[in-house]
Amino acid sequence: IQSWKGRLFGSLEGGGAERMGSSMSMNAEASSFSDAVKEVSKGTDAAVENGMAGESQARRGRREWWNARPKDLPNPGSFDDIRNEVDGMLTPQQFFDGLQFKAFLAPSAVFNLGHGFDLGSKAVPNNYTLFTTYATQQLVMMSRLDLSGRVFGRIIYMHNPRTTSKVIADVGSEPNSSRATYEVEHRGLDYCSQLKLMSDQSASFSYMQSITPTWSAGGEFAYIGQHSVSTTTLALKYQNETDNASMNVTPGLGMLMMGYVKRLNSASSLAADFMFNIFSRESISTFGYRYSLEKAMVSGTIDSTGKLSTLYEEKLSPGLSLLLSGEADYAKKDFKFGVGFNIGA
């Protein structure tokens, strides 16, 4: 299941013309009618005109969703953003074990420097990581370098408020371990399109379109050059002020993924995720929560395999945070615990 998830996640404008109500007028000949009849005719004309104006205004107020203008629909976000909220609460990357220490320094308003230490972890060896970030309104550059000599970099350039380019590089010392990706994304009033070109001769194109103020649909076509295989993923998303639901279907891989996040209030949220492979008949379900206090945040997950994870973060003082992380896998009888400190930004 995790390999499917990694593979899947590693990588209209339209409008209708507004209907206008027509006006009516009636003319009465003074020579054929008495003054009383004239007054009745005038009253009838006024009533008809007022009725037509009211009907036209009512039609404008209840414009059907298929006749909505682009300015009435929100931008749906990119295809990659569909599961951002549910993955942010349920992915295991936020949990850790051993001792973790990170310190950040901002020498200037646009440049940040960070140091990270990971010690005593069962999952990864002891490591030191150097973080650098340069950010302006138009350009963002980020890099990460560890003791193994692996460099991860990301460059984001905003051509205009609607078009953005990204270059992502992951360079390692081992043969055939380096890769790079170029992305260009365009966000219209009610749609978002994205093109990706990878160094392994792979490419993908995705498109998302808002259908109503809360519903959006789209998909992604991907070609994997190394294996000469193509896949198509269809996506559906529902989002309002308190709910975020999404569904991804990849027929070629037999993969179905559904995610849901419920914001109970400004401080607490619940999340659920379901993945099912039609070919192997294997599935996994994950449930999570997040509760935020004024100076602390606690989150946790539990999945259908019996794995429990919890993360607690508290701001001890301005610029200093304490993190406590725990994970219990009862099926494998594997238990992990971690303590971390973050200093600076």
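Definitions and cut-offs
- Residues numbered from 1 in each chain as written.
- Predicted model: local features only at pLDDT ≥ 70, side-chain atom pairs only at ≥ 80, totals over all residues.
- Heavy atoms only, no water.
- Helix = DSSP H or I, 4+ residues; strand = E, 2+ residues; numbered from the N terminus.
- Buried < 20%, exposed > 50% of the residue type's maximum accessible area, 1.4 Å probe, protein only.
- Areas by Shrake-Rupley, 256 points an atom, 1.4 Å probe, with all protein chains shown as cover.
- Core = buried A, V, L, I, M, F, W, Y, C linked by side-chain atoms within 4.5 Å.
- Contact = heavy atoms within 4.5 Å.
- pLDDT = per-residue confidence, 0-100.
- Pairing = 2+ DSSP bridges.

## Considering the overall build of the chain
Link 1 in the chain: When you go through the chain residue by residue, the secondary structure sums to 3 helices and 19 strands.
Link 2 in the chain: Expressed as a percentage of its 345 residues, the buried residues of the chain come to 32%.
Link 3 in the chain: As displayed, the chain has an accessible area near 20500 Å², and 59% of this comes from carbon and sulfur atoms.

## Topic: the nonpolar core
Link 1 in the chain: Counting 5 residues, the largest nonpolar core consists of Val 86, Met 89, Leu 90, Val 261 and Ala 271.
Link 2 in the chain: When near neighbours in sequence (up to four residues on either side) are disregarded, Val 86 contacts Gly 259, Tyr 260, Val 261, Ala 271, Ala 272 and Asp 273.

## Examining the confidence of the model for the chain
Link 1 in the chain: For the chain, the average pLDDT comes to 82, and 79% of its residues sit at 70 or higher.
Link 2 in the chain: Low pLDDT, under 50, characterises residues 1–62; the predicted model gives this stretch 64 contacts beyond four residues in sequence or across chains.

## Looking at unusual backbone geometry
Link 1 in the chain: Phi is positive for Gln 201, which is not a glycine, with a value near 65 degrees.
Link 2 in the chain: Among the secondary structure elements, Gln 201 is positioned in the loop between strand E8 (191–198) and strand E9 (203–210).
Link 3 in the chain: Judged by its relative accessible area of 63%, Gln 201 is exposed.
Link 4 in the chain: One non-glycine residue, Lys 333, adopts positive backbone phi at about 55 degrees.
Link 5 in the chain: With respect to the element layout, Lys 333 can be found in the loop between strand E18 (320–329) and strand E19 (334–343).

## Points about the pairing of strand E6 (residues 163–171)
Link 1 in the chain: Note that strand E5 (residues 151–160) and E6 share 9 bridges and pair antiparallel. Within E6, the residue paired with Gly 153 across the bridge is Ala 169.
Link 2 in the chain: Between E5 and E6, which pair antiparallel one after the other, the connecting turn spans 2 residues.

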